[in-house]
Amino acid sequence: MRAAAPPTTPDAADLDAIRRPRDPVVPPSYWDVLERLLPDVSQPAQYVGGEHNQVVTPWARARTRWLLCYPDTYAIGQPNQGIQILYELLNERSTSLAERAYAPWFDLEEKMRERGIPTFSLEHHYPLWAFDVFGVTLPHELGHTNLLNLLDLGGVPIHAADRTLDHPIVLAGGHAAFNPEPLAPFLDAVVMGDGEEVVLEIDDVLRRAKEDRVAGRLADRTALLERLAGVEGVYVPAFYEPRYAPDGTLRATVPVHPGAPTRVPKRTVQDLEDFPYPQKQIVPMTETVHERFSVEIFRGCTRGCRFCQAGMITRPVRERRPETIQRLVTEGVADTGFEEVGLLSLSSADHAEIGDIARNLADVYEGTTTSLSLPSTRVDAFNVTLSNELARNGRRTGLTFAPEAGSERMRAVINKMVSEEDMLRTAEISFANGWRHVKMYFMVGLPTETDEDVLAIAEMGIKVYEIAQRHGRANKATISVGGFVPKPHTPFQWAAQDTPQEIQRKLDLILEQIKPHRGLRLRTNDPEEGVIEGLLARGDRRVAPVVERAWRLGATFDGWHESETLPQWHQALADVGISLEEASHHERGEHEAFPWDHLDAGLDKQWLWDDWQDAISEKALDDCRWIPCYDCGVCPGLDIQHDTAYTNPETRGPSLPILASGPATPASPAPLGGSPDLPTSAARLESP
């Protein structure tokens, strides 16, 4: 049970002096008292700061002050690309500063609460309550309780309704922000999609609002939220309310504040060349999960995997120029000293120029200790040439692929059009060319799945393991199997989620099948964790009290094996009266309203339903980069297009145009977000 009181904060007059835009009072740094605690906590270096490429800006120089947060440990959050990009963008401005915060581990948090030390920034160890904005990325749903804990520990009321102009704006983004409703009472504002442009627009609004407050032209926090809601793509939960039918089902989430739009569109950066970041990647002070120089080589994916929220919500595909990638990598490696380069995307081998990119970088680093990696590689895009370029300096440790399903039938259902022949060919190429370990990711609990489909996972793993052994007894194969969790804005958002008992039964089938093959490893997660993730992924505002109750019962670091929080979640569900059977384990109907229907990821809901029906019929759909447009809604709705294949050094553009397969495109531009009832930018300021 969480009992310790949050740290005390200054009175309103002192807060106003600290946060005023000009000639502020510098807030207290908690470094001196924190430093005395570090010898008694685990991994103390994660709390120190002082990394290479850290930016330290004097408090008085800036007019707006951001605290960017990844709500997990430093080891998990420090490599996050989104935080690093926004950190650079904001700190390049002469009028703003950005510092970073991460969740303290249990041992330090206990000591912080005992001594009144608030959530602090890594750069100056300033308190959270002193900043203008607490910008939190939500990469997944199992960080929700950590967000509440960081707010409480930071001296900020966890409920948005209890905050005044003297408190930071709590702003959320990231993939889990595409359904922020389970966190709606705790958030001031939410941004869906790409952050590079919108964060600067929000910064402009905040800077002007702070000046207006000093001049007496900003009445209260609601007036500030109204200004934020006027920024394209900013969602203010307080301006909306859910409407329920007599039977308790959700009818809609509707605007209740003048000026709030009917639907809020995601933000999309059309040209990644406008934002060649990060250029000064921060080098961690201690061990992290990814110690490499990372460059996003393209954004978006149109392979159309029906379970994949990331692929659906980041459309369209936008590639970075090969020469830009080369420059970022060579300058970044020289600056940071990293010995691994990560070429990042949802499916890196799909970049139109991946062969040349890998070859040119391999030329630069041949004979050095610097290696190249593609953290996300499709089975059907991997070949001998790419394998050799990635390992030209001699490093051939492990490769990871994601067939996702074991049978051809299931891969048609999920639209992961990778054949068993593709996987076995890739394994043969990998082990024949000196790679020592192949890992494969699968899911169980997918729609229409049978036991035969589940056993096909084991059979594919056995075949890959046998190939590994033919090329060397020390070679390894691993299959990692997780339970499927339906996510918003995907064709599978209508699907029922398997119960933990059913997921465990299917995992046991696989384990039994591979037992005779002792060298084939099986890795799984606790099926119960997926149930909580599913509840938060598709929940509406009625789930918010469950989140708060679980946190008050002591739940944080959900999903960590060191933190057993499932009892707290089950207690919270019972206390609030939420049924998992009703929330997660039933299939939705065609016309059922979703909590995120008022948040527009660009995808037409009817297209998603039609694709769901195609999944049930085991009908596959090709990648729309290479076929005529199939009208998912993203490109014409957002007035953007796929940005791929640089065929001329002087002239860039897509190699294949967007081709309409339906009726002729109207001459007038479509509304933003691909939805006929979404207001234009001008209409956003009008009452709905």
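What counts, and where the lines are drawn
- Residues numbered from 1 in each chain as written.
- Predicted model: local features only at pLDDT ≥ 70, side-chain atom pairs only at ≥ 80, totals over all residues.
- Heavy atoms only, no water.
- Helix = DSSP H or I, 4+ residues; strand = E, 2+ residues; numbered from the N terminus.
- Phe/Tyr/Trp six-rings, centres within 6.5 Å; stacked < 30°, edge-to-face > 60°.
- Buried < 20%, exposed > 50% of the residue type's maximum accessible area, 1.4 Å probe, protein only.
- Lys NZ or Arg CZ within 6 Å of the ring centre and 35° of its normal.
- Contact = heavy atoms within 4.5 Å.
- Pairing = 2+ DSSP bridges.
- Axes fitted to C-alpha atoms, helices over the stretch in contact; angles between N-to-C directions.
- Core = buried A, V, L, I, M, F, W, Y, C linked by side-chain atoms within 4.5 Å.
- Parallel < 35°, antiparallel > 145°, perpendicular 65-115°, else oblique.
- Left-handed = near helix turned anticlockwise from the far one by under 90°.
- Nonpolar A, V, L, I, M, F, W, Y, C, P; charged D, E, K, R; others polar.

Explanation requested: unusual backbone geometry in the structure shown.
In terms of backbone geometry, most residues other than glycine have negative phi values and most peptide bonds are trans. The omega torsion across Tyr277 and Pro278 is -5°, close enough to zero to call that bond cis. For Pro278, the position within the fold is in the loop between β9 (264-265) and β10 (293-296). Note that the residue after Arg315, namely Pro316, is joined by a cis bond; omega there is 0°. For Pro316, the position within the fold is in the loop between α9 (309-313) and β12 (318-319). Of note, Asn53 is a non-glycine position whose phi angle comes to about 80°, a positive value. Looking at the element boundaries, Asn53 is found in the loop between α2 (31-35) and β1 (64-70).

Is there a simple way to explain the packing of aromatic side chains in this structure?
Inspection of the entire model under this criterion finds 16 aromatic pairs. An angle of 55° between the planes, with centres 4.9 Å apart, marks the rings of Trp105 and Trp560 as tilted. Remark: Trp560 occurs in the loop between α18 (544-552) and α19 (566-576) and Trp105 occurs in the loop between β2 (96-102) and α5 (106-115); sequence separation between them is 455 residues. For Trp105, a relative accessible area of 16% puts it in the buried group. Between the aromatic rings of Phe484 and Phe492, the centroid separation amounts to 5.7 Å while the plane-to-plane angle is 85°, which identifies the pairing as edge-to-face. The ring of Tyr87 has Arg100 lying over it, and the distance from NZ or CZ to the ring centre is 5.2 Å.

How do you make sense of α18 when you look at a structure like this?
Three- or four-residue spacings in an α-helix give side chains the same orientation, since the helix completes a turn every 3.6 residues. Within α18, the full set of buried residues consists of Ala544, Val546, Val547, Glu548, Ala550 and Trp551. Those residues of α18 hidden inside the fold are in contact with α6 (144-153), α17 (527-538) and α19. Within two residues after α18, Gly554 carries a phi angle of roughly 115°, on the positive side.

When you look at the sheet that holds strand β14 (residues 371-373) in this model, what are you seeing that I'm missing?
The strands making up a sheet associate through hydrogen bonds between their backbones, and the pairing can be parallel or antiparallel. Taking strand neighbours across the sheet as the criterion, the three strands line up as β10-β13-β14 in an open arrangement whose pairing is parallel. With one partner strand each, in any of the chains shown, β10 and β14 form the two edges of the open sheet. The sheet shows a mean angle of 20° between the axes of neighbouring strands, taken without regard to direction. With three bridges connecting them, strand β13 (residues 340-344) and β14 associate as parallel partners. Residue pairing for β14: Gly342 is matched across the bridge by Ser373. Relative to the sheet, helix α10 (residues 322-336) contacts β10 and β13, its axis offset from that of β10 by approximately 160°.

Sorry, what's going on with the nonpolar core here?
Grouped burial of nonpolar side chains is what soluble globular proteins tend to show. Within the largest apolar cluster, 112 residues are counted, with the highest numbers of intra-cluster contacts made by Trp66, Phe134, Ile202 and Val234. Among the elements that take part in this core, helix α7 (residues 196-214) stands out by supplying seven residues, more than any other. Not counting the four nearest positions on each side in its chain, Ile202 is found in contact with Trp66, Leu171, Val191, Leu228, Val231 and Val234. In this structure, Phe293, Leu328, Leu399 and Leu520 belong to the second largest nonpolar core, which totals 57 residues.

What's the story with the packing of helix α16 (residues 500-514) against α17 in this structure? I'm lost.
Helix packing for two helices is described by the angle between their axes and how far apart those axes are. At a minimum axis separation of 8 Å, α16 and α17 run at an interaxial angle of 140°. With respect to their mutual orientation, α16 and α17 come out oblique. The way α16 lies across α17 gives a crossing that is right-handed. Facing Pro500, Ile503, Gln504 and Leu507 of α16, the residues of α17 in contact are Pro527, Glu528 and Val531. Residue composition of the contact of α16 with α17, grouped by class: five nonpolar, one polar and one charged.

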